[in-house]
Amino acid sequence: MSETVKVKELVEALSLEVVTGDETSLERVIVTGDISRPGLELTGYFNYYSHDRLQLFGNKEITFAERMIPEERLMVMRRMCSEDTPAFIVSRGLTPPEEMVTAAKEHGIAVLRSPIATSRLLGEISSFLNGSLAPRTSVHGVLVDVYGLGVLIQGDSGIGKSETALELVKRGHRLIADDRVDVYQQDELTLVGEPPRILQHLIEIRGVGIIDVMDLFGASAVRGSMPVQLVVYLENWAKDKKYDRLGSDNTEVEIAEVNIPQIKIPVKTGRNVAIIIEVAAMNFRAKSMGYDATKTFENRLTALIDENSGQNK
């Protein structure tokens, strides 16, 4: 992972309480999404201490620390404070030991606290860090939330991607990003898209210019990020080209090492592309739930052929 996250960004994202820490300590960077629960370290075993990770103290760690004598507790806490240790975090609203606060102040490390349970806090921190630290890749297109499905609209320049997205927004769907979409791999099967900061909530319409979707349509018309679940490729209608009429072509496109289902929609005068994308999204969701209209048609066609064959005998 090449990105970094500052401690203050984590504090803001998870609404953590700063028990102790100044601007300098909150500027420390987090370089890994892995989190350490320093149980062995509290016993004095530092052979494999992950000093560059966030140090998370739950009920077990705090209870164990309370049974130590103050001098030993201070010594251990000081050993846990390294130059690259981002911060100490205490869950369940527990009171951090005085020795932790003392050692953290000595080394310019923040001590943070959250009221939620340790396992849940661990999951929220991991989710935030893994998403923030994951390498980003930019792809050309427009990402829209259509009926809760992340649809990435791609196609040649000038084909009408932004205009289609605007029509979808007018029909009650939500814009995530226009023109350029920053994507990152959340896991092996999930690709998440978000807008570059400079383009957030903005959409460009040729002849009109740049418009602010949130300003014109309200906060419900935009969304900060969305898993990319379907790619719709818009292409100019060609009279002599054969197009898939049954929906039996199962094509995929690879984006940031994740395979995403793709459908191609020919564009010509008179076709309402926004409505077609709506139907495509609903049909894709129906297929994912086990209903395939193409298979239904094929089964009916097979039954009809068998019926006619029987009558001809």
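Residues numbered from 1 in each chain as written. Predicted model: local features only at pLDDT ≥ 70, side-chain atom pairs only at ≥ 80, totals over all residues. Heavy atoms only, no water.

Student: What should I look at first to understand the pattern of salt bridges in this one?
Tutor: A complete count under the given rule lists 13 salt bridges for this structure. The shortest N-O distance in the salt bridge between Glu-27 and Lys-6 comes to 2.8 Å. Of this pair, Glu-27 sits in the loop between helix 2 (23-26) and strand 3 (29-30) while Lys-6 sits in strand 1 (residues 5-6), placing them 21 residues apart in sequence. Here Glu-27 falls in the partly exposed class, since its relative accessible area comes to 29%. The salt bridge partner of Glu-17 is Arg-113, with a shortest N-O separation of 2.9 Å. Taken together, the positions of Glu-17 in strand 2 (residues 17-20) and Arg-113 in strand 7 (residues 110-113) put the pair 96 residues apart, joining distant regions of the chain. Accessibility expressed as a relative area gives 38% for Glu-17, which makes it partly exposed. In this structure, a network of salt bridges that share partners links the residues Lys-6, Lys-8 and Glu-27. (Salt bridge = Lys/Arg side-chain N within 4 Å of Asp/Glu carboxyl O. Helix = DSSP H or I, 4+ residues; strand = E, 2+ residues; numbered from the N terminus. Buried < 20%, exposed > 50% of the residue type's maximum accessible area, 1.4 Å probe, protein only.)

Student: Would you mind showing me how to read the environment of Val-192 here?
Tutor: By the secondary structure assignment, Val-192 is in strand 13 (residues 190-194). Judged by relative accessible area, Val-192 falls into the buried class, the value being 4%. Sequence-wise, Val-192 and Ser-225 are 33 residues apart; in three dimensions their C-alpha atoms are separated by 6.9 Å. Residues contacting Val-192, with those up to four places away along its chain left out, are Asp-182, Val-183, Tyr-184, Gln-186, Ser-225, Met-226, Pro-227 and Val-228. (Contact = heavy atoms within 4.5 Å.)

Student: Is there a simple way to explain the UniProt feature "binding site: Mg(2+)" (unreviewed entry) in the chain in this structure?
Tutor: According to UniProt, the positions carrying the feature "binding site: Mg(2+)" (unreviewed entry) are Ser-162 and Glu-204. The largest pairwise C-alpha distance within this set of annotated residues, which runs over 43 residues, is 6.7 Å, so the set is compact in three dimensions. When near neighbours in sequence (up to four residues on either side) are disregarded, Ser-162 contacts Val-142, Asp-178, Ile-203, Glu-204 and Ile-205. A polar contact of 2.7 Å, which involves the side chain of Ser-162, links it to the side chain of Asp-178. Of the residues examined, Glu-204 reaches a relative accessible area of 45% and is grouped as partly exposed. The residues contacting Glu-204, other than those within four sequence positions of it, are Ser-162, Asp-178, Gly-209 and Ile-210. (UniProt positions renumbered as here; feature names shortened; annotations may be inferred. Polar contact = N/O pair within 3.5 Å; in protein donor to acceptor, adjacent residues only side chain to side chain.)

Student: Explain the UniProt feature "active site" (unreviewed entry) in the chain to me, please; I cannot follow it from the model alone.
Tutor: As recorded in UniProt, the sites labelled "active site" (unreviewed entry) are His-140, Lys-161, Asp-179 and Arg-245. Within the secondary structure, His-140 is located in strand 8 (residues 137-140). Assessed through its relative accessible area of 43%, His-140 is described here as partly exposed. Apart from the residues lying within four places of it in its own chain, the contact partners of His-140 are Gln-154, Gly-155, Lys-161 and Asp-179. The topology assignment puts Lys-161 in helix 8 (residues 161-170). Note on Lys-161: relative accessible area 8%, which makes it buried. Residues within four places of Lys-161 in sequence aside, it is in contact with His-140, Val-142, Ile-153, Gln-154, Gly-155, Asp-156 and Leu-234. Looking at Lys-161, its side chain comes within polar contact range of the main-chain oxygen of Asp-156, at 3.1 Å.

Student: Help me out: how do you make sense of unusual backbone geometry in this one?
Tutor: What you tend to see is this: most non-glycine residues have negative phi, and most peptide bonds are trans. In this model, Arg-92 sits at a positive phi of 60°, which is unusual for a non-glycine residue. Mapped onto the fold, Arg-92 is located in the loop between strand 6 (87-90) and helix 6 (98-107). A positive phi angle, close to 75°, is found at Asp-179, a residue other than glycine. Mapped onto the fold, Asp-179 is located in the loop between strand 11 (174-177) and strand 12 (180-187).

Student: Explain the packing of aromatic side chains here, please?
Tutor: The description of an aromatic ring pair uses the distance of the two centres, along with the angle that the planes make with each other. Following the criterion strictly, the structure yields 3 aromatic pairs and no others. Judged by centre distance (6.4 Å) and plane angle (40°), the ring pair of Tyr-45 and Tyr-48 falls under tilted. Residue class for Tyr-45 comes out partly exposed when judged on its relative accessible area of 36%. Residue classification places Tyr-48 among the exposed residues on the basis of a relative accessible area of 68%. Plain terms: the ring middles of Phe-46 and Tyr-49 are 5.3 Å apart, the flat faces sit at 75° to each other, and that makes the pair edge-to-face. Judged by its relative accessible area of 12%, Phe-46 is buried. For Lys-268, the ring lying beneath its charged end belongs to Trp-237, and the centroid distance is 4.2 Å. (Phe/Tyr/Trp six-rings, centres within 6.5 Å; stacked < 30°, edge-to-face > 60°. Lys NZ or Arg CZ within 6 Å of the ring centre and 35° of its normal.)

Student: Mind showing me how you'd approach the environment of Ser-50 here?
Tutor: The topology assignment puts Ser-50 in the loop between helix 3 (39-42) and strand 5 (54-57). Since its relative accessible area comes to 18%, Ser-50 is described here as buried. Separated by 37 residues in sequence, Ser-50 and Ala-13 have C-alpha atoms that sit 24 Å apart.

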